[in-house]
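Inside the fold
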Amino acid sequence: MAEIKLAAQTRTEFGKGAARRIRRDKKVPAVVYGHGAEPAHITLPGHELQLALRTPNVLLTLDIEGKTQLAIPKAVQRDAIKGFLEHVDLLLVKSGEKVTVEVYVHTEGELAPGAFLLEHVLSTLTVEAEATHIPESVTVSIEGLEAGASIAAKDIPLPTGTTLAIDEDAVVLQVLSAQAEEAAEGEGTAEGAEA
């Protein structure tokens, strides 16, 4: 689990104009909340935050004017066209505290030979993990699976200390046969020949 330190400054100006000025200075407006405390409005260095957010479920150590706090990203707003960060919501966490997050599901291996398709019913898995030990992703083997096979959430191996936060019988991956599509194309050709 990646832990990145960022220097933050308390924000006193609010609104669109203030947010634009902050972004012009290559910083990002943010809000930190949690543990029953009043939300804190801060600014974070834009480039460092952008790099940190490349890691899923990154743990941020915020130095807010001399006071250190741990936080994880909860909501990230980006410009729809240019992709730069507009605003970030951060959730305060403590070492040892359990948090609910989504982790990406990666596959390894090859399906059985034949015309099979792998459908990702869920691309992420909702899990509960200790705030300082959040997995970046989980990996499941699809080696040799054939049409009709499926992998449920309970079948995916999780790191120690991580538990499922969704229905354990929820289908995450399933293998489909590509033959149905070929048959439909064949029917279309037969109909065209009759006309």
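About the cut-offs
Residues numbered from 1 in each chain as written. Predicted model: local features only at pLDDT ≥ 70, side-chain atom pairs only at ≥ 80, totals over all residues. Heavy atoms only, no water. pLDDT = per-residue confidence, 0-100. Helix = DSSP H or I, 4+ residues; strand = E, 2+ residues; numbered from the N terminus. Contact = heavy atoms within 4.5 Å. Pairing = 2+ DSSP bridges. Buried < 20%, exposed > 50% of the residue type's maximum accessible area, 1.4 Å probe, protein only. 1 Å grid on protein atoms, 1.4 Å probe; cavity = no way out; pocket = protein on both sides within 12 Å on 5 of 7 lines; lining within 4 Å. Points joined across faces, edges and corners; volume = space filled by probe spheres on them. Nonpolar A, V, L, I, M, F, W, Y, C, P; charged D, E, K, R; others polar.

Let's talk about the confidence of the model for the protein chain
When pLDDT drops low, the exact placement of atoms in the prediction is not to be read closely. Of all residues in the protein chain, 90% have pLDDT values of 70 or greater, and the mean over the chain is 82. Between the elements of the protein chain, mean pLDDT differs from a low of 51, seen in helix α3 (residues 179-194), to a high of 91, seen in strand β11 (residues 150-152). Ignoring residues within four places in sequence, the model shows residues 180-184, a span with pLDDT below 50, making zero contacts including any to other chains.

Description of the sheet that holds strand β10 (residues 137-141)
Spatially, β10-β7-β9-β12 is the arrangement adopted by the four strands of the open sheet, whose pairing is mixed. Edge positions in the open sheet fall to β10 and β12 (163-164), since each of these has one partner strand only. Both strand β7 (residues 98-108) and strand β9 (residues 124-130) contribute to a ladder of seven bridges, which runs antiparallel. Within β9, the position partnered with V99 by the bridge is A129.

With respect to unusual backbone geometry
Where the residue is not glycine, phi is negative for most of them; where a peptide bond is considered, it is trans in most cases. A positive phi angle, near 60°, is found at K26, a position not held by glycine. Under the relative-accessibility criterion, K26 is labelled exposed at 67%.

Looking at the layout of surface pockets
The gaps of empty space that remain are located by a probe, the size of a water molecule, rolled over the atoms. Roughly 350 Å³ of internal volume is contained in the largest pocket. Taken together, 15 residues line the largest pocket, and the ones lying closest to its centre are P56, N57, P73, E102 and Y104. Breaking the lining of the largest pocket down by element, the ones donating at least two residues are β5 (67-78) and β7. For the lining of the largest pocket, the element with the highest residue contribution is β5, accounting for six residues. Residues that form the lining of the largest pocket fall into these classes: nine nonpolar, three polar and three charged.

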